[in-house]
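Tertiary structure, described
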Amino acid sequence: MNEQIIILIFIVISLSATLRLYILKARNQIKYRGDERWQLIQLKACNAANIANGILVILLCILPLFINSPVTFTFQRVSVFGLIYLGIRNLIELTAVTYLDKQM
């Protein structure tokens, strides 16, 4: 039961980060009217998210080497982990967009 609560918390955080990212991007696109500064912010944030993607993929490849017990995954569990993975990526991009918008 504790594992399900933890997964639910991560899904809620992922969903809220994804929605906030898309709303922030839409609002800033209208606010800045697509100027070069806004495009540069989006490009840098996307690069940060892509670096995080690489780190997460490497982590997912290395992590099973340290687990000795056989683990079986259902399709539902893999899809939930995929949603959490995308949410973490969007959270990183949201943080980068917010930071770079205040920085520039």
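In the block above lies the structure referred to throughout.
These remarks concern the structure in this document. All values derive from a computational prediction rather than experimental measurement.

Quick look at the overall build of the protein
- Scanning the protein for helices and strands turns up three helices and zero strands.
- The N-to-C order of helical and strand elements in the protein reads α-α-α.
- Relative to a compact globule of 104 residues, whose C-alpha radius of gyration would be 13 Å, the protein shows 17 Å and is clearly more extended.
- Considering only C-alpha atoms, the protein reaches an extent of 50 × 25 × 20 Å along its principal axes.
- Counting all 104 residues of the protein, 25% fall into the buried class.
- In the protein, which carries 10 positive and 5 negative side-chain charges, the distance between the mean positions of the two groups comes to 4 Å.

What to know about a nonpolar patch on the surface
- Together, Ile5, Ile6, Ile9, Phe10, Ile13 and Leu91 line one region of the surface with nonpolar side chains, adding up to about 520 Å² of accessible area.
- In terms of residues, the nonpolar patch owes the most to one element, helix α1 (residues 2-32), which gives five residues.
- With respect to the helices and strands, Ile9 occurs in helix α1.
- For Ile9, a relative accessible area of 46% gives the class partly exposed.

Points about the nonpolar core
- Leu21, Leu24, Tyr32, Trp38, Ile41, Ala45, Leu94, Ala96, Val97 and Leu100 together form the largest nonpolar core, which totals ten residues.
- Top contributing element to this core by residue count: helix α3 (residues 75-103), with four residues.
- Dropping the residues within four chain positions of it, Leu21 is found in contact with Asn90, Glu93, Leu94 and Val97.

What about the packing of aromatic side chains?
- Under the definition given, this model contains one aromatic pair.
- A centroid spacing of 5.8 Å and a plane angle of 40 degrees characterise the contact between Tyr32 and Trp38, whose relative ring orientation is tilted. The same class applies to Tyr32 and to Trp38, which are both buried.
- Its end group placed over the ring of Tyr32, Arg37 keeps NZ or CZ at 4.7 Å from the ring centre.

Cut-offs applied
Residues numbered from 1 in each chain as written. Predicted model: local features only at pLDDT ≥ 70, side-chain atom pairs only at ≥ 80, totals over all residues. Heavy atoms only, no water. Helix = DSSP H or I, 4+ residues; strand = E, 2+ residues; numbered from the N terminus. Rg over C-alpha atoms; globule rule 2.2 N^0.38 Å. Buried < 20%, exposed > 50% of the residue type's maximum accessible area, 1.4 Å probe, protein only. Lys, Arg positive; Asp, Glu negative; His and termini not counted. Charge placed at Lys NZ, Arg CZ, Asp CG, Glu CD. Patch = residues over 30% accessible without salt bridge, like charges linked within 9 Å, V, L, I, M, F, W, Y side chains within 5 Å. Areas by Shrake-Rupley, 256 points an atom, 1.4 Å probe, with all protein chains shown as cover. Salt bridge = Lys/Arg side-chain N within 4 Å of Asp/Glu carboxyl O. Core = buried A, V, L, I, M, F, W, Y, C linked by side-chain atoms within 4.5 Å. Contact = heavy atoms within 4.5 Å. Phe/Tyr/Trp six-rings, centres within 6.5 Å; stacked < 30°, edge-to-face > 60°. Lys NZ or Arg CZ within 6 Å of the ring centre and 35° of its normal.

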